[in-house]
Amino acid sequence: SSEPAKSGGSNIWAWAIGAGALGAGGLWYLNQDGASATPKVFAPKFDDYQAVYNEIASRLEEKDDYDDGSYGPVLVRLAWHASGTYDKETGTGGSNGATMRFAPESDHGANAGLKAARDFLEPVKAKFPWITYSDLWILGGVCAIQEMLGPQIPYRPGRQDRDAAGCTPDGRLPDASQAQDHLRNIFYRMGFNDQEIVALSGAHALGRCHADRSGFDGPWTFSPTVLTNDYYKLLLDEKWQWKKWNGPKQYEDKKTKSLMMLPADMALIQDKKFKQWVEKYAADNELFFKDFSNVIVKLFELGVPFAENSERWVFKTVNA
Ligand code: HEM
C-alpha cells in the first residue's frame with residue numbers, strides 16, 4: 001500500500017472499488033498523470049482512520065461557538081439517524097449508504113437540523129476523500145462520544161455509499177410524542193431488546209431539543225456536552241410536570257424548569273420493564289458505559305456487510 005494523495009498534488013483520484021477485497025475502507029487507485037501511469041493502490045489502515053478521527057476531534061475543539069459549545073451531540077444524532085433506519089426483516093436501511101445526503105431522506109421530519117452535522121464533516125471528507133461518507137458519519141459519532149468523555153467505542157470501516165435509490169421510507173425513526181408501545185415497535189424492528197432501548201436512550205444526556213428542528217425545546221441534563229448517566233438519575237430523582245407553552249407536549253423539571261423530557265423519555269419510567277434498567281443505570285455509571293458502548297457498536301453496524309474477520313479498532317482520544 002502507499003501514502004494517501006496529498007491535496008493539491010498531481011495525483012488524480014481515479015476510481016474506487018468495493019471494500020470487500022480488502023475488508024476495510026475503500027481500495028483506491030492513484031494515477032500519477034491520468035490513465036497512462038501505473039496505478040498505485042492505497043488501502044487505508046488503522047493509522048489512516050486515526051488521522052480522520054484526530055481531524056474530527058480538533059474541529060470539535062476548534063468550533064466551540066455552536067449550541068452548548070460543541071458539535072458533539074449533533075454528530076451523535078447524525079450517526080444514530082443514519083443507522084436507526086435499519087429493518088431486520090428486509091435488511092434495508094442502516095448506516096451503510098449515507099443516503100441522508102439525498103432527498104427525500106434529508107427532508108424527513110426526524111432529520112431536521114442534521115445538515116449542521118453533515119456540513120461540519122464536509123471539510124473532513126475533502127481532506128480525506130478516500131473515506132466513504134457512511135464510514136465518516138459513524139466515525140464522527142464514535143469520535144464525538146469519546147471526546148465528550150464517554151466510553152471507548154470500537155469501530156470498523158467497510159460501509160459503502162449508495163445513491164438516492166437507497167433512501168429509506170419516512171417513519172422508521174422514533175416519534176418523540178409516543179410511548180412504550182411505539183418505542184418497542186421501532187427498536188424491535190432494528191433487532192434491539194428492552195435493556196438495549198434503555199441503554200441507547202442514555203445518549204439524551206447529550207445535546208438538546210431545538211424548537212426550529214423537532215419543535216421541542218431544551219436540554220435533558222445540566223452538562224449536555226459530557227456523557228454521564230445523569231439522564232437516568234434526573235428521570236428518577238426530579239419531579240416532572242407538563243410544560244405550559246404553545247409547543248408540542250413535553251415535560252419540564254418542577255425545580256428549575258430548565259430541563260426537559262420527551263413523552264418518549266418518560267415512557268422509560270412509566271413502563272416497569274424499562275424502569276428496572278433506568279434504575280440500574282442511574283445507580284452505576286460503569287455499567288451504563290459498558291452497556292452503552294456495546295449497544296452503540298451494534299447500532300452503528302446494523303446492515304453493514306463487513307468482510308469476514310474484519311477487526312474493530314479503538315481510537316486514541318485527543319482532547320478527552
Ligand atoms: C428512544 C427514542 C428517541 C426519540 C423519540 C428521540 C427524539 C429526539 C428528539 C425529538 C431530539 C431533538 C432534536 C432537535 O430538536 O434538535 C433528539 C435529540 C438527540 N437525540 Fe434522540 N431520540 C431517541 C433516541 C435516541 C438515540 C437512540 C440516540 C443515540 C444513541 C439519540 C441521540 C440524540 C442526541 C445526541 C440528541 C441531541 C442532538 C442535538 O443536540 O442537536 N436519541 N432526540
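Scroll up for the structure.
Presented here is an overview of the structure given in this document. (Residues numbered from 1 in each chain as written. Predicted model: local features only at pLDDT ≥ 70, side-chain atom pairs only at ≥ 80, totals over all residues. Heavy atoms only, no water.)

## Details of the site of the ligand
Neighbouring residues of the ligand: 24 residues in total, closest Trp80, His204, Arg208, His210 and Ser214. Interatomic distance of 3.2 Å between a side-chain N/O atom of Trp80 and a nitrogen atom of the ligand. Take His204: an N or O atom from its side chain is 2.9 Å from a nitrogen atom of the ligand. Here the shell around the ligand takes four residues from helix H2 (residues 72-83), the largest share from any one element. By residue class, the composition of the shell around the ligand is 16 nonpolar, five polar and three charged. (Near = heavy atom within 4 Å. Polar contact = N/O pair within 3.5 Å; in protein donor to acceptor, adjacent residues only side chain to side chain. Helix = DSSP H or I, 4+ residues; strand = E, 2+ residues; numbered from the N terminus. Nonpolar A, V, L, I, M, F, W, Y, C, P; charged D, E, K, R; others polar.)

## Regarding the packing of aromatic side chains
For the structure on display, the rule yields 22 aromatic pairs. On the numbers, 5.4 Å between centres and 45° between planes, the contact of Tyr49 with Trp313 is tilted. Remark: Trp313 occurs in the segment after helix H10 (285-301) and Tyr49 occurs in helix H1 (residues 46-62); sequence separation between them is 264 residues. Each member of the pair Tyr49 and Trp313 is classed as buried. The interplanar angle of 25° and the centroid separation of 4.1 Å between the aromatic rings of Trp242 and Tyr251 together place this pair among those described as stacked. If you follow Arg184 out to its NZ or CZ, it ends over the ring of Phe274, 4.2 Å from the centre. The ring of Trp245 has Lys243 lying over it, and the distance from NZ or CZ to the ring centre is 5.1 Å. (Phe/Tyr/Trp six-rings, centres within 6.5 Å; stacked < 30°, edge-to-face > 60°. Buried < 20%, exposed > 50% of the residue type's maximum accessible area, 1.4 Å probe, protein only. Lys NZ or Arg CZ within 6 Å of the ring centre and 35° of its normal.)

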